[in-house]
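Listed below are the residues making up each chain.
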2 protein chains.
Amino acid sequence: MSDGFGPDNLPYGVFTLGRGERRIGVRLGNGVVDLSALGGRLAAASLNPLMAAGRQEWTAAREAVVAHVAWGPPVIPLHDVTLHLPFEVADYTDFYSSEHHALNVSAILRPGSPGLSPQWKHLPIGYHGRSATVVVSGTPIVRPSGQLGEGLFGPSRRLDVEAEVGFVVGRPGRRIATTEFAEHVFGVTLVNDWSARDLQAWEYRPLGPFLAKSFATSVSPWVVPLDALAPVQAQPQDPEPLDYLRPAGPGFDLRLTVEWNDTLVSTPPFTSMYWTAAQQLAHLTSNGASVRTGDLYASGTVSGPEREQVGSFLELTRNGDDPVKLADGTLRGFLENGDVVRIGGTALSAAGTRISLGSVSGTVVP
Amino acid sequence: MSDGFGPDNLPYGVFTLGRGERRIGVRLGNGVVDLSALGGRLAAASLNPLMAAGRQEWTAAREAVVAHVAWGPPVIPLHDVTLHLPFEVADYTDFYSSEHHALNVSAILRPGSPGLSPQWKHLPIGYHGRSATVVVSGTPIVRPSGQLGEGLFGPSRRLDVEAEVGFVVGRPGRRIATTEFAEHVFGVTLVNDWSARDLQAWEYRPLGPFLAKSFATSVSPWVVPLDALAPVQAQPQDPEPLDYLRPAGPGFDLRLTVEWNDTLVSTPPFTSMYWTAAQQLAHLTSNGASVRTGDLYASGTVSGPEREQVGSFLELTRNGDDPVKLADGTLRGFLENGDVVRIGGTALSAAGTRISLGSVSGTVVP
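All of these numbers come straight from a predicted model, not from anything done at the bench.

(A) Region of the structure containing the overall build of chain A. When its secondary structure is counted, chain A shows eight helices and 28 strands. Computed over the C-alpha atoms, the radius of gyration of chain A is 20 Å, within 12% of the 21 Å expected from 2.2 N^0.38 for a compact globule of 366 residues. Dimensions along the principal axes, computed over C-alpha positions, put chain A at roughly 60 × 50 × 35 Å. Among the 366 residues that make up chain A, the fraction classed as buried is 63%. Look at the contacts in chain A between residues 6 or more apart in sequence, and 71% of them connect residues 24 or more apart. Per element, the accessible surface of chain A, about 13000 Å² overall, is 52% carbon and sulfur.

(B) Just the sheet that holds strand β2 (residues 23-28) of chain A, in detail. Strand order across the open sheet formed by five strands is β4-β3-β2-β1-β5 (chain A), with antiparallel pairing between neighbours. Two strands close off the open sheet at either side, each with one partner strand: β4 (76-77) and β5 (81-84) of chain A.

(C) Geometry of the packing of aromatic side chains. In the structure shown here, the tally under the stated rule is 26 aromatic pairs over all chains. Geometrically, the ring pair formed by F181 of chain B and F252 of chain B is tilted, given 6.2 Å between the ring centres and 45° between the ring planes. Placement of F181 of chain B in helix α4 (residues 181-184) and of F252 of chain B in strand β20 (residues 251-252) is noted, with a sequence separation of 71 residues between them. Residue F181 of chain B is classed as buried on the basis of its relative accessible area, which comes to 3%. Three or more aromatic residues joined by ring pairs form one cluster here, namely F95, F167, F181, F252, F270 and Y297 of chain A together with F210 of chain B.

(D) Broad picture of the sheet that holds strand β28 (residues 354-365) of chain B. Residues and elements named next belong to chain B. With mixed pairing, five strands are arranged side by side in an open sheet as β9-β28-β27-β21-β22. This sheet does not close on itself; its edge strands, each paired only once, are β9 (141-142) and β22 (263-266). Bridge count for strand β27 (residues 340-348) against β28 is eight bridges, and the pairing is antiparallel. Within β28, the position partnered with V340 by the bridge is T363.

(E) Seen up close, the interface of chain A and chain B. Taken together, the contact pairs 54 residues of chain A with 54 residues of chain B. Interface area, chain A with chain B, both sides summed: about 4900 Å², of which 59% is carbon and sulfur. Contact with chain B buries surface across chain A, with R130, L207 and F210 of chain A losing the most and accounting together for 16% of the total. Between the two partners, chain A and chain B, sit two salt bridges.

(F) Region of interest: the UniProt feature "domain: Fumarylacetoacetase N-terminal" (unreviewed entry) in chain A. When the UniProt feature table is mapped onto this chain numbering, "domain: Fumarylacetoacetase N-terminal" (unreviewed entry) sits at residues 9-69 of chain A. The span residues 9-69 of chain A shows a helical share of 34% and a strand share of 26%, and its end C-alpha atoms are spaced 11 Å apart.

(G) Molecular detail of the UniProt feature "binding site: Ca(2+)" (unreviewed entry) in chain A. Residue and element names in this part refer to chain A. Feature annotation in UniProt assigns "binding site: Ca(2+)" (unreviewed entry) to the following positions: D94, E162, E164 and D193. Taking the farthest pair of C-alpha atoms as the criterion, the annotated set spanning 100 residues converges on one region, since that pair is 10.9 Å apart. Note on placement: D94 falls in strand β6 (residues 92-95). Sequence-distant contacts of D94, defined by excluding residues within four places in its chain, comprise I125, G126, Y127, E162, E164, D193, A298 and G300. A distance of 2.9 Å separates the side chain of D94 from the side chain of Y127, its partner in a polar contact. Within the secondary structure layout, E162 lies in the loop between β12 (159-160) and β13 (163-169).

(H) Expanded view of the domain arrangement of chain A. Residue and element names in this part refer to chain A. Taken domain by domain, chain A comprises domain 1 (12-84) and domain 2 (92-365). Here the C-alpha centroids of domain 1 and domain 2 sit 27 Å apart. With 19 residues of domain 1 in contact, the opposing surface of domain 2 contributes 19 residues. Buried area between domain 1 and domain 2, summed over both chains or domains, comes out near 1600 Å², and the portion from carbon and sulfur atoms is 67%. Taken as a group, Y12, M51 and R55 account for 40% of the area that domain 1 buries against domain 2, more than any other trio of residues on that side. The interface formed by domain 1 and domain 2 contains one salt bridge.

(I) Spotlight on the side chain of Q280 of chain A. Residue and element names in this part refer to chain A. Along the chain, the position of Q280 falls in helix α7 (residues 277-285). Looking at Q280, the relative accessible area reads 1%, which means it is buried. A distance of 2.9 Å separates a polar atom in the side chain of Q280 from a polar atom in the side chain of S97. Contact partners of Q280, with chain neighbours within four places excluded, come to F95, S97, P124, W275, Y297, A298 and S299.

(J) View of unusual backbone geometry. In this structure, P206 of chain A follows R205 of chain A across a cis peptide bond, with omega equal to 0°. Looking at the element boundaries, P206 of chain A is found in the loop between α5 (197-203) and α6 (211-214). R246 of chain B connects to P247 of chain B through a cis peptide bond whose omega is -10°. Assignment of secondary structure puts P247 of chain B in the loop between β19 (231-232) and β20. Despite not being glycine, D262 of chain A shows a phi value in the positive range, around 70°.

(K) Expanded view of the relation of the copies chain A and chain B. Mapping chain A onto chain B calls for a rotation angle of 180° and an axial translation of 0.0 Å; the resulting RMSD is 0.0 Å. Considering both components of the superposition, the chain copies are consistent with a two-fold axis. Proximity to the rotation axis, assessed at the C-alpha, singles out G208 of chain A in chain A; its C-alpha lies 2.1 Å from the axis. Comparing contact sets, 100% of the residues at the interface of chain A also lie at the interface in chain B, consistent with an isologous, same-surface contact.

(L) Geometry of the pattern of salt bridges. All names here are of chain A. A full pass over the atoms with the stated rule returns 34 salt bridges over all chains. A salt bridge links E162 to R197, with the shortest nitrogen-to-oxygen separation between them at 2.8 Å. A residue pair is termed long-range when its members are at least 10 positions apart, and E162 in the loop between β12 and β13 and R197 in helix α5 qualify at 35 residues. Both residues of the pair, E162 and R197, count as buried. Residue D253 pairs with R255 through a salt bridge whose shortest N-O separation is 3.4 Å. The buried category is assigned to D253, whose relative accessible area is 15%.

(M) Highlighting the environment of S195 of chain B. Residues and elements named next belong to chain B. Along the chain, S195 falls in strand β16 (residues 195-196). The class for S195 is buried, based on a relative accessible area of 0%. Sequence spacing of S195 and A102 is 93 residues, and the spatial spacing of their C-alpha atoms is 15 Å. When residues no more than four places from it in sequence are discounted, the contact partners of S195 are R158, L159, D160, E162, Q200, A212, K213 and F215. At 2.9 Å, the side chain of S195 forms a polar contact with the backbone oxygen of D193. A polar atom in the side chain of S195 sits 2.9 Å from the side chain of K213.

(N) A look at the nonpolar core. Ranked by internal contacts, the top residues of the largest apolar core, which has 108 residues, are F167 and F181 of chain A together with F167 of chain B. Leaving out residues up to four positions away in the same chain, F167 of chain B has contacts with F181, V185, G187, V188, F252, F270, A277, D295, L296 and Y297 of chain B.

How each quantity is defined
- Residues numbered from 1 in each chain as written.
- Chains lettered and ligands numbered in written order.
- Predicted model: local features only at pLDDT ≥ 70, side-chain atom pairs only at ≥ 80, totals over all residues.
- Heavy atoms only, no water.
- Helix = DSSP H or I, 4+ residues; strand = E, 2+ residues; numbered from the N terminus.
- Rg over C-alpha atoms; globule rule 2.2 N^0.38 Å.
- Buried < 20%, exposed > 50% of the residue type's maximum accessible area, 1.4 Å probe, protein only.
- Contact = heavy atoms within 4.5 Å.
- Areas by Shrake-Rupley, 256 points an atom, 1.4 Å probe, with all protein chains shown as cover.
- Pairing = 2+ DSSP bridges.
- Phe/Tyr/Trp six-rings, centres within 6.5 Å; stacked < 30°, edge-to-face > 60°.
- Buried area = accessible area lost by both parts, 1.4 Å probe.
- Salt bridge = Lys/Arg side-chain N within 4 Å of Asp/Glu carboxyl O.
- UniProt positions renumbered as here; feature names shortened; annotations may be inferred.
- Polar contact = N/O pair within 3.5 Å; in protein donor to acceptor, adjacent residues only side chain to side chain.
- Domains from an automatic or database assignment.
- Least-squares fit on C-alpha atoms with pLDDT ≥ 70 in both.
- Core = buried A, V, L, I, M, F, W, Y, C linked by side-chain atoms within 4.5 Å.

In structure tokens form, the structure reads like this:
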């Protein structure tokens, strides 16, 4: 199917029809195929039971779904259903693994400082976020308030987005080798890590971002199973990482799009990321920390080398100093109330086709 | 009762007897009173249902428990039960609200830098931690591994503790005023936020601590209900905080103890904290972020003005440069394998007595 939701994709989601119960479905074209009749872990109200079952079950479930879809089951039109958060989020972790993004942010926010911090190429920097406020695409984003500087409290004036790719952990574990990535990660989702740059600049030293990001993190309603994606060669890394981060594991050929009020403003390429998702998971669990079913870890803002490939408006508009012109002729530095941001994406599939990752959108409200 | 667990205390915990199911109990003297016979939310397997019910139910439950205990119910000896994590942790947040601690850490780790970061007296600095690895007192602490610096991976050589007080959120909310603190916070627990200083020093810029703290956070098995505690005058604050952080809300007269292999090495006074728990909760939710039943937020390391009042060994031993002598004559800079740390505490009760907060302990294993 030309829209990227053919039988080579079949991402999982959770939907309701009218006042019905939550059901697991897969997206096919512009509709949803109800999987509850397949029973077992596909008859649940969230993906967590299936996610907990592990790789063998995931592959078996996908085979069953592919066979089911081949029979031409009823397809419920998308506009008849409500889509929900497809899994219950356990811990949410966010990385910072685009070298271009890290360099851009450093140059804009800390001019004169050495671009990358000394450990940047030795480990994938990450931090914990707030799992309570991970919301599904379409949830309105209430502009956060906070301290914008000394003595000043009010609505953020520098509300921004971060276009990221999220990895959803199924099977629990700790000290997970990069080679065990596919045994633990169930699938991929799109993430918008909304960020209030003014809150962030004032609060973040020395313990990192807190309220600047905790008000909302949006995810797409579809989890594309790892089985649907083609692994590709990851970026070369120099210096060679330490043993526990080797081999690097697969890269993925994901191409994101960022639309600001229906104007396409950027196309971040995931292939430009420095650290792989397998390295992020290995690092996250290298100290003995456990991951659980429902853990979500995000790649960090995806920014390519070019100005039109950046994953945040901080970068796109140089901290608001160089606004972009939208299709309606208006200029934007940061987000205004009523603005809609939609992050979409496509992926190279295991079948060699280009499939859709769906999209994650949100409207800013006062 | 002289041990601080009389009818003026009655902290809640979750226990099992043999292979039985988890039950809610209160501690009385050296034993546990089973509350399951009281039914309702006291017949659950965790405190979460009771915690979700709100202040009115909490007070009613406590009255029922006090009446029950007055009848002389059976007391199960502590050594016959296994104590569990008393609630399911939703999001875990950690603050940094002791001025003495912040100044000490800055002087030790960032000599020459201005002591407090510019925003320190304007907002309670905090960050998110890992809820998956919040464990109950007694859980062995496996020494974390990680990058100790460039090119070096191995077990942490600077394993430390942080003596803190944890506040357990019952009723969900957002934009919680400081005056609404008692409507949302169910009770108090002791926290040891184990920290690997070598991992922390290498990883923390610019996004804060991550693996240095995510391997384990221990909490005491008893949650002392807010109803049991006497509010006291909080520390004066200069400059006056912004409106959303006023009034400051209550302080609590909690006195902690830190024992290292049975040697009392420090007595951190909670009354010396700069920011109150009510201000921390107000700040945490001021941007619109929600708190849920089971959220745990910790005060930050409690350090008083004196050397023998600090809440971390980093401070106590000046980053290992000035070791302490334990009762067995051995010297310690940081934790060695086999070491046991027990953080205890007492509180001024609503009845005007001194009650126990129990303790949180852990043994370091390789």
